[in-house]
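Inside the fold
Take a look at the letters that make up each chain.
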Amino acid sequence: MASFLKKFKNFFAQPSSYQADNFIRIAVKCKRCGEEISVGLRKTSDFSRVYEDDEAPSGSSFMIRKEILGSKCNNLIYLTIFFDESFRIISKEIEGGEFL
Ligand SMILES: [Zn+2]
């Protein structure tokens, strides 16, 4: 988890234009403490290809599963999001928090 946090902070230290096309930003709110957290999802490494026999919404090509930890409490937020071929969101689920 420590390395994850380090990566997280490094991401915010970079100029916002840095590989912007490669990132999808998702803003969530922690259910426990209300902290608002912005997450950068990397198309090249965070996404998994969805295959037809997976239990996925029709039309989805990629999916992402991510655990998010804020800095104010230890509540883990779980994201599951499905995207189409153009990385548009088809469906999204969240546990431990809410989408902004
Ligand atoms: Zn929190």
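These numbers come from a predicted model, not from an experiment.

Moving on: the coordination of the zinc ion. The protein atoms donating to the zinc ion are Cys 30 (SG), Cys 33 (SG) and Cys 73 (SG), with metal-donor distances spanning 2.2 to 2.3 Å. The sequence motif formed by the donor residues of the zinc ion is C-x2-C-x39-C. With Cys 33 in the loop between strand E1 (23–30) and strand E2 (36–42) and Cys 73 in the loop between strand E4 (62–69) and strand E5 (76–83), this pair connects stretches of sequence that are 40 residues apart.

Per-residue pLDDT for the chain averages 84, and the proportion of residues at 70 or more is 80%. Mean pLDDT across the secondary structure elements of the chain bottoms out at helix H1 (residues 2–13), with 54, and peaks at strand E7 (residues 97–99), with 97. Predicted confidence is poor over residues 14–19, with pLDDT under 50, and the contacts of this stretch with residues over four places away or in other chains come to one contact.

What follows covers the sheet that holds E1. Neighbouring strands of a sheet are bound in pairs by backbone hydrogen bonds; such pairs are parallel or else antiparallel. If you trace the three strands from one edge of the open sheet to the other, you get E2-E1-E7, paired in antiparallel fashion. Edge positions in the sheet fall to E2 and E7, since each of these pairs with one other strand and no more. With strand direction ignored, the average angle separating the axes of adjacent strands in the sheet is 35 degrees. The sheet contact formed by E1 and E2 spans seven bridges and is antiparallel. Looking at the pairing, Ala 27 lines up with Ser 38 of E2.

We now examine the environment of Asp 84. With respect to the secondary-structure elements, Asp 84 resides in the loop between E5 and strand E6 (89–95). Given a relative accessible area of 16%, Asp 84 falls into the buried group. Considering only alpha carbons, one finds Asp 84 and Met 63, 21 residues apart in sequence, at a separation of 8.7 Å. Apart from residues lying up to four places away in sequence, Asp 84 is in contact with Gly 59, Ser 60, Ser 61, Phe 62 and Ile 90.

Our focus in this paragraph is the environment of Ser 60. Residue placement: Ser 60 occurs in the loop between strand E3 (48–49) and E4. Ser 60 gets classed as buried once you look at its relative accessible area, which sits at 11%. Expressed as a C-alpha distance, the spacing of Ser 60 and Phe 87, which sit 27 residues apart in the sequence, is 9.1 Å. Ser 60 has contacts with Val 50, Phe 82, Phe 83, Asp 84 and Ile 90, leaving out every residue within four places of it along the chain. Only 2.5 Å separates the side chain of Ser 60 from the backbone oxygen of Pro 57, close enough to count as a polar contact.

Here is what the cut-offs are and how they apply
Residues numbered from 1 in each chain as written. Predicted model: local features only at pLDDT ≥ 70, side-chain atom pairs only at ≥ 80, totals over all residues. Heavy atoms only, no water. Donors = N, O, S within 2.8 Å, 3.2 Å for Na, K, Ca; no water. Helix = DSSP H or I, 4+ residues; strand = E, 2+ residues; numbered from the N terminus. pLDDT = per-residue confidence, 0-100. Contact = heavy atoms within 4.5 Å. Pairing = 2+ DSSP bridges. Axes fitted to C-alpha atoms, helices over the stretch in contact; angles between N-to-C directions. Buried < 20%, exposed > 50% of the residue type's maximum accessible area, 1.4 Å probe, protein only. Polar contact = N/O pair within 3.5 Å; in protein donor to acceptor, adjacent residues only side chain to side chain.

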